[in-house]
Amino acid sequence: MRRKAVVTAAAVLAAIGFSASRAQAQGFSVYEHDACTMGRAGSGVASPCSGGSAIFFNPAGIVTGRGTWNAAVGVTMIPPRGSYTDSITGLTTDLVANNIPVPNMYLTRQLGSRLAVGVGVFAPYGLTTEWPTTSPGRFLAYKSTIKSIYMQPTVAYRVSPRLQLGFGVDIVRTAVELHQRVELSSQVANPAAGLTFAMLGVPVGTDFADARLKGTGNAVGYHFGIIARPTDFLSVGARYMTGVTIEGTGYAGFSQVPTGILLAAGNPFAVPARTPLDAVLASQFTGTGRLVTQTVKAVIPMPAQLVAGIDFQLRPGLHLLADYQWTQWSKFAELPLTLGVIGADTLYEAYGNSSGYRAAVEYAATPKLNLRAGFLTHNAAAPSFTVTPLLPEGARSEAVVGAGYQVNRGIRIDVAYQVIKQQDRRGRVTDPPARGSDAANTGLYKFSANLFGASVAFAF
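Residues numbered from 1 in each chain as written. Predicted model: local features only at pLDDT ≥ 70, side-chain atom pairs only at ≥ 80, totals over all residues. Heavy atoms only, no water.

The subject of this paragraph is the overall build of the protein. Each helix and strand counted, the protein has 4 helices and 24 strands in total. In terms of overall size, the protein behaves like a compact globule, its C-alpha atoms giving a radius of gyration of 25 Å where 460 residues would be expected to give roughly 23 Å. Judged by the C-alpha coordinates and their principal axes, the protein covers about 85 × 40 × 35 Å. For the protein, with 460 residues in total, the buried portion stands at 53%. In the protein, once contacts between residues fewer than 6 apart in sequence are set aside, the share between residues at least 24 apart is 71%. Summed over its atoms, the accessible surface of the protein is roughly 18300 Å², and 62% of this surface lies on carbon and sulfur atoms. Positive and negative side-chain charges in the protein, numbering 37 and 25 respectively, have mean positions lying 6 Å apart. (Helix = DSSP H or I, 4+ residues; strand = E, 2+ residues; numbered from the N terminus. Rg over C-alpha atoms; globule rule 2.2 N^0.38 Å. Buried < 20%, exposed > 50% of the residue type's maximum accessible area, 1.4 Å probe, protein only. Contact = heavy atoms within 4.5 Å. Areas by Shrake-Rupley, 256 points an atom, 1.4 Å probe, with all protein chains shown as cover. Lys, Arg positive; Asp, Glu negative; His and termini not counted. Charge placed at Lys NZ, Arg CZ, Asp CG, Glu CD.)

Here we come to unusual backbone geometry. The general pattern is negative phi for most residues beyond glycine and trans for most peptide bonds. Phi at A270 is positive, roughly 60 degrees, even though this residue is not glycine. Following the sequence through the fold, A270 ends up in the loop between β13 (245-256) and α4 (277-281). Under the relative-accessibility criterion, A270 is labelled exposed at 76%. Despite not being glycine, R274 shows a phi value in the positive range, around 70 degrees. Tracing the backbone shows R274 in the loop between β13 and α4.

Okay, the environment of M77 next. Mapped onto the fold, M77 is located in strand β1 (residues 69-78). With residues up to four places along the chain from it excluded, the contact list for M77 reads N99, I100, P101, N450, L451 and F452.

What follows concerns the environment of G52. Its location among the elements puts G52 in the loop between α2 (35-39) and α3 (54-57). The spatial distance from the C-alpha of G52 to the C-alpha of V73 is 9.4 Å, given a sequence separation of 21 residues.

Two faces belong to every sheet, and in a regular strand the side chains alternate between them. Direction of pairing for strand β17 (residues 334-339) relative to strand β18 (residues 343-348): antiparallel, over a ladder of 6 bridges. Looking at the pairing, E334 lines up with Y348 of β18. In this structure, the hairpin formed by β17 and β18 is closed by a connection of 3 residues. (Pairing = 2+ DSSP bridges.)

Throughout the structure, instances matching the rule amount to 10 salt bridges. Of the charged contacts in the structure, one is a salt bridge between D207 and R138, with a shortest N-O distance of 2.9 Å. In this pair, D207 sits in strand β11 (residues 207-231) while R138 sits in the loop between β6 (128-130) and β7 (143-160), placing the two residues 69 residues apart along the sequence. Residues D207 and R138 agree in their burial class; the two are buried. Look at the salt bridges and you will find they share partners, linking R40, E362, R372, R412 and D414 into a network. (Salt bridge = Lys/Arg side-chain N within 4 Å of Asp/Glu carboxyl O.)

Take the side chain of T386 next. Here T386 shows up in the loop between β20 (369-378) and β21 (396-408). Among residues more than four places away in sequence, those in contact with T386 are Y348, E349, Y351, L391 and R428.

Scanning all chains against the criterion turns up 16 aromatic pairs. With centroids separated by 5.7 Å and ring planes inclined at 35 degrees, the aromatic side chains of F122 and Y150 adopt a geometry described as tilted. With a gap of 28 residues between them, F122 in strand β5 (residues 115-125) and Y150 in strand β7 connect regions that are remote in the sequence. Given a relative accessible area of 1%, Y150 falls into the buried group. With a centroid separation of 5.2 Å and an interplanar angle of 50 degrees, the aromatic rings of Y324 and Y357 are classed as tilted. One end of the pair, Y324, is in strand β16 (residues 318-327); the other, Y357, is in strand β19 (residues 354-364), with 33 residues separating them in the sequence. (Phe/Tyr/Trp six-rings, centres within 6.5 Å; stacked < 30°, edge-to-face > 60°.)

Strand direction decides the pairing type here: β7 and strand β8 (residues 163-183), joined by 15 bridges, are antiparallel. When the sheet's bridge partners are listed, T145 is paired in β8 with E177. Counting the residues in the hairpin turn of β7 and β8 gives 2 residues. Here β8 runs beside β11; their pairing, made up of 21 bridges, is antiparallel. Its bridge partner lying in β11, G168 is registered against H223.

A word on the environment of S47. Assignment of secondary structure puts S47 in the loop between α2 and α3. Through-space distance from the C-alpha of S47 to that of I227 is 7.7 Å; in sequence the pair is 180 residues apart. Among residues more than four places away in sequence, those in contact with S47 are R40 and D311. Within the structure, the side chain of S47 is placed 3.1 Å from the side chain of D311, a separation counted as a polar contact. (Polar contact = N/O pair within 3.5 Å; in protein donor to acceptor, adjacent residues only side chain to side chain.)

What follows deals with the side chain of N58. Checked against the element boundaries, N58 lands in the loop between α3 and β1. A relative accessible area of 0% places N58 in the buried class. At 3.5 Å, the side chain of N58 forms a polar contact with the backbone oxygen of A238. In this view, N58 contacts V45, P48, G225, I226, I227, G237, A238 and R239; residues no more than four positions away in its chain are not counted.

In this section: the confidence of the model for the protein. Considering every residue of the protein, the mean pLDDT works out to 87; 93% of them sit at 70 or more. No element of the protein has a lower mean pLDDT than helix α1 (residues 4-17), which averages 33, and none a higher one than α2, which averages 97. Throughout residues 1-27 the model reports pLDDT below 50, and contacts reaching past four residues in sequence, or to other chains, amount to 118 contacts. (pLDDT = per-residue confidence, 0-100.)

This is the structure in structure tokens:
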């Protein structure tokens, strides 16, 4: 059996699943880890929201000097919607509708007015992309699920009334599952004669196997933050998340998909006429066959990330916030991996560095009610030849509104609503004819989502 299709599936699994500390790239990443900051379009590195979410948005910000304990819990509901339209047939295939909850929890303790410690638990990768099993891109992937949990112990120190520093350690556990169909016509039926199944009359697009790939990966990274207040009305901040190398392990399993094809007389398998082809293929799924359950290993370098921003107070109660985010995706170039039976291969990704811009306004309408609104945009990290059903990533523009209400001295409730519109982008549903070629991009991907976030923050 030709190994390329199966190896590609494993490589894609490695690309999205073992990337345990991928630092807020586009695609499967989630930046909405607190409804207060979400209402600011993610702007907050210079002046994080209270409640402990600064553990993620800027570790230096957990020093507040207010109360002894601060805690926050929240969830963001993400319902991705999208489609693929074939440019030749005009046929449109829609994503399977999913509503994905992404939780977050934070706890900090103030040790005096200058020192604070805390821990945060959040899921920067918690999305599912699912297409029908009949979709044209099923031979690349029809379902992928990422469940990634970050736990970040953090410490911060106020050097002076106008300068704060923070440091955190990211302990990451990621689990991923990918489903892919394997196509038959392009497989080699008789190596000695150079015959493919297509030469025996098997139609292009015939499913004969369902691949299920699962994997887990662990990683440790580091997170640094700084906040400075040059004046009473201006705050500036920055955070840096280090790149990491992931060593992921998992397994690939395969089950046979019936083709219903009967072999003709004189076939190269030397079996009688009208013998089911499925009976001949069954040997590939047992014993010494190529499509038996086997291990998957991958080693992947992941990029560093830098975010810098400002918070400018126009007047008491009215703030303008802006952040710039850079991710070093140029390190995400090649993905070497090894399958226990099928062997080793490398997937070529050639990502480029990405830049994102966020801006927001926050207004204290009353002593208890804060209103927020913002906008963000970022370019695509993936080159055109890696736009696939697994990750049809592209440049995005997003708008958000939010509000926070101080119920009493110790409890605040925040909500936010965000609209994501991704730029339509041409992509592929089959392997490219050559490395780096976008000649297989024969259709148009569309993507959008409407997110809702809610959180409750406590001070006690």
